[in-house]
Amino acid sequence: MLLTELLPPTAEGLGHAARHLAEGRLVAFPTETVYGLGGDARDDRAVASIFAAKGRPAFNPLIVHVPDMAAAARLAVFSDPALRLAAAFWPGALTLVLPMRDDSGLSPLVSAGLPSVAIRMPAHPVAVALLHSFGGPVAAPSANPSGRISPTRAEHVLDGLAGRIAAVLDGGACPVGVESTIIGLEPRPTLLRPGGIPVEAIEECLGVRLAAPDPAPLRPNAPGQLSSHYAPSAAVMLEVTAPRPDDVWIGFGSRTGTEGLNLSPSGDLVEAAANLFHYLREADRCAGSGGRIAVAPIPEKGLGRAINDRLRRAAAPR
Ligand code: TXA
Ligand code: MG
């Protein structure tokens, strides 16, 4: 059992967090999407301890975070479409799966032995400062126990991982609120996970429609792609327009929801994404394990696709 430190995002807190990383320990840090559970991506033991802290059942590939294009280019080979996406959306809520360089120096555990690597350049100032201060690539899945709701505040991280990691850098609430969009480019541009950058924007940038991923056996067996994930303890029902009296109702737009639980009264999908995981946690707390969370319909466009993807996983049979 570790004493997990809650660090402020000051020069001192950041220096302390960077030292933990340099010494092979784990630090949770804010990104614009969700909090990540970071470890040195070159250090086998650090990467293995990420899986252990999350209780991940298997060594699934992780996203490697870098502060700039020079650091990204040391890890992976960028094709023209990859460069175009990086120029348009980095830093930001986009992850690119690219061919890994032979001399990347990454722990093979990071990519679960695959010849590719998932890379992201986050925009959150605390993440950027930590990456600069540490000076190496940081592997980071979402900072929650495997299969649970992703954290969008430092206290969510502590709820799930206190005692299992060295520290949490507190950067307040994550502005985007859902994980990054993951795009594979080989052999063709493919949507591996909807997320914080809308599919429509990526397709416009590339000038092509994104392919759907290959069927399951060809894909890495990754938790974000398992059906039951982001799971509250209460049961979750989707597209509910007329909740039962004892439901905890998460609203959207004119479907008001239980008091204080409307993802966006004005129907704004960006605001809804930012509130999603916090409201799921709140609803779960109110409903209790025998109760039911009902969620109003969310339009399947823009960030609505990522929201509905996460909600379907939260509602999936377990
Ligand atoms: O917003 C985010 O992406 C957050 C923050 C912390 O950056 N991170 C995150 O990481 O969501 P994680 O570990 O929960 O998601 C990693 C996903 C896997 O589920 C898998 O689908 C994909 O990235 N992935 C990683 N490496 C891959 C690879 N080489 N090939 C295909 N997919 C890969
Ligand atoms: Mg996750």
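Everything that follows concerns the structure shown earlier in this document.
Please read all numbers here as calculations on a predicted model, not as lab measurements.

Colleague: In this structure, what is going on with helix 8 (residues 269-287)? I would like to understand it.
Modeller: Since the α-helix packs 3.6 residues into each turn, any two residues three or four apart lie on the same face. Of all the bends in helix 8, the largest measures some 45° and sits at Leu276. Positioned one or two residues after helix 8, Gly288 has a phi angle of 75°, which is positive.

Colleague: How should I be thinking about the sheet that holds strand 13 (residues 292-295) in this particular structure?
Modeller: Sheets are built from strands that pair by backbone hydrogen bonding, the pairs being arranged parallel or antiparallel. Judged by pairing direction, the sheet is parallel, and its 3 strands sit side by side in the order 11-13-12 without closing on themselves. Each edge of the sheet is formed by a strand with only one pairing partner; in this case those strands are strand 11 (235-237) and strand 12 (248-250). With strand direction ignored, the average angle separating the axes of adjacent strands in the sheet is 25°. Note that strand 11 and strand 13 share 3 bridges and pair parallel. Residue pairing across strands places Ala235 opposite Arg292, the latter belonging to strand 13. On the sheet, helix 8 packs against strand 12 and strand 13 and is oriented at approximately 170° with respect to strand 12.

Colleague: Sorry, what's going on with the nonpolar core here?
Modeller: Across soluble globular proteins, you tend to see nonpolar side chains buried next to one another. The biggest cluster of nonpolar side chains holds 49 residues, and the ones touching the most others in it are Leu85 and Leu96. Looking at this core, the elements that each hand over two or more residues are strand 3 (35-40), helix 2 (44-54), helix 3 (69-73), helix 4 (80-89), strand 5 (94-99), strand 6 (116-120), helix 6 (154-161) and helix 7 (199-206). If we skip the residues at most four places from it in the chain, Leu96 touches Phe78, Ala82, Leu85, Ala86, Trp90, Val117, Ala118, Ile119, Ile183 and Leu185.

Colleague: Is there a simple way to think about the site of ligand 1 in this case?
Modeller: Within the structure, ligand 1 sits among 24 residues, and Thr33, His65, Ser116, Ser180 and Arg193 are positioned closest to it. The contact in question runs from an oxygen atom of ligand 1 to an N or O atom on the side chain of Arg120, over 3.0 Å. Arg193 has a polar side-chain atom sitting 2.9 Å from an oxygen atom of ligand 1. Those elements that place two or more of their residues in the shell around ligand 1 are strand 4 (63-65) and strand 6. With 3 residues, strand 6 is the single largest residue contributor to the shell around ligand 1. Within the shell around ligand 1, the residues separate by chemical class into 12 nonpolar, 8 polar and 4 charged.

Colleague: Help me understand the packing of helix 4 against helix 7, please; the structure alone is not making it clear to me.
Modeller: Put simply, helix 4 and helix 7 touch, their axes get as near as 10 Å, and they point 125° apart. Comparing the axis directions of helix 4 and helix 7 gives the class oblique. As for how helix 4 packs across helix 7, the hand of that crossing is right-handed. Across from Pro81, Arg84, Leu85, Ala88 and Phe89 in helix 4, the residues of helix 7 making contact are Ala201, Ile202, Cys205 and Leu206. Its residues assigned to classes, the contact of helix 4 with helix 7 shows 8 nonpolar, no polar and 1 charged.

Colleague: How should I be thinking about the pattern of salt bridges in this particular structure?
Modeller: Should their charged atoms come close, side chains of opposite charge can pair. Enumeration over the complete set of coordinates arrives at 11 salt bridges. Where Arg42 meets Asp40, a salt bridge forms, and the shortest distance between an N and an O atom there is 3.0 Å. We classify Arg42 as partly exposed; its relative accessible area is 41%. Glu179 is paired through a salt bridge with Arg310; the nearest N and O atoms lie 2.9 Å apart. A residue pair is termed long-range when its members are at least 10 positions apart, and Glu179 in the loop between strand 8 (167-169) and strand 9 (181-184) and Arg310 in helix 9 (residues 304-315) qualify at 131 residues. By the burial criterion, Glu179 is buried, and Arg310 matches it. The network of salt bridges with common partners includes Glu179, Asp309, Arg310 and Arg313.

Colleague: Please clarify how the sheet that holds strand 2 (residues 27-30) should be interpreted in this entry.
Modeller: Read across the sheet, 10 strands follow the order 1-8-2-3-7-4-6-5-9-10 without closing on themselves; strand pairing throughout is mixed. The open sheet has two edge strands, strand 1 (5-7) and strand 10 (190-193), and neither has a second partner. As defined by bridge partners, strand 5 adjoins strand 9 across 4 bridges and the pair is classed as parallel. Each residue of the ladder has a partner; that of Val97, found in strand 9, is Gly184. Helix 2 contacts strand 3 and strand 7 (138-139) of the sheet and is inclined by roughly 145° relative to strand 3. Packing of helix 4 onto the sheet brings it into contact with strand 5 and strand 9, and relative to strand 5 it is tilted by some 160°.

Rules used throughout
- Residues numbered from 1 in each chain as written.
- Chains lettered and ligands numbered in written order.
- Predicted model: local features only at pLDDT ≥ 70, side-chain atom pairs only at ≥ 80, totals over all residues.
- Heavy atoms only, no water.
- Bend = angle between axes of the 7 residues up to and from the residue.
- Helix = DSSP H or I, 4+ residues; strand = E, 2+ residues; numbered from the N terminus.
- Pairing = 2+ DSSP bridges.
- Axes fitted to C-alpha atoms, helices over the stretch in contact; angles between N-to-C directions.
- Contact = heavy atoms within 4.5 Å.
- Core = buried A, V, L, I, M, F, W, Y, C linked by side-chain atoms within 4.5 Å.
- Buried < 20%, exposed > 50% of the residue type's maximum accessible area, 1.4 Å probe, protein only.
- Near = heavy atom within 4 Å.
- Polar contact = N/O pair within 3.5 Å; in protein donor to acceptor, adjacent residues only side chain to side chain.
- Nonpolar A, V, L, I, M, F, W, Y, C, P; charged D, E, K, R; others polar.
- Parallel < 35°, antiparallel > 145°, perpendicular 65-115°, else oblique.
- Left-handed = near helix turned anticlockwise from the far one by under 90°.
- Salt bridge = Lys/Arg side-chain N within 4 Å of Asp/Glu carboxyl O.

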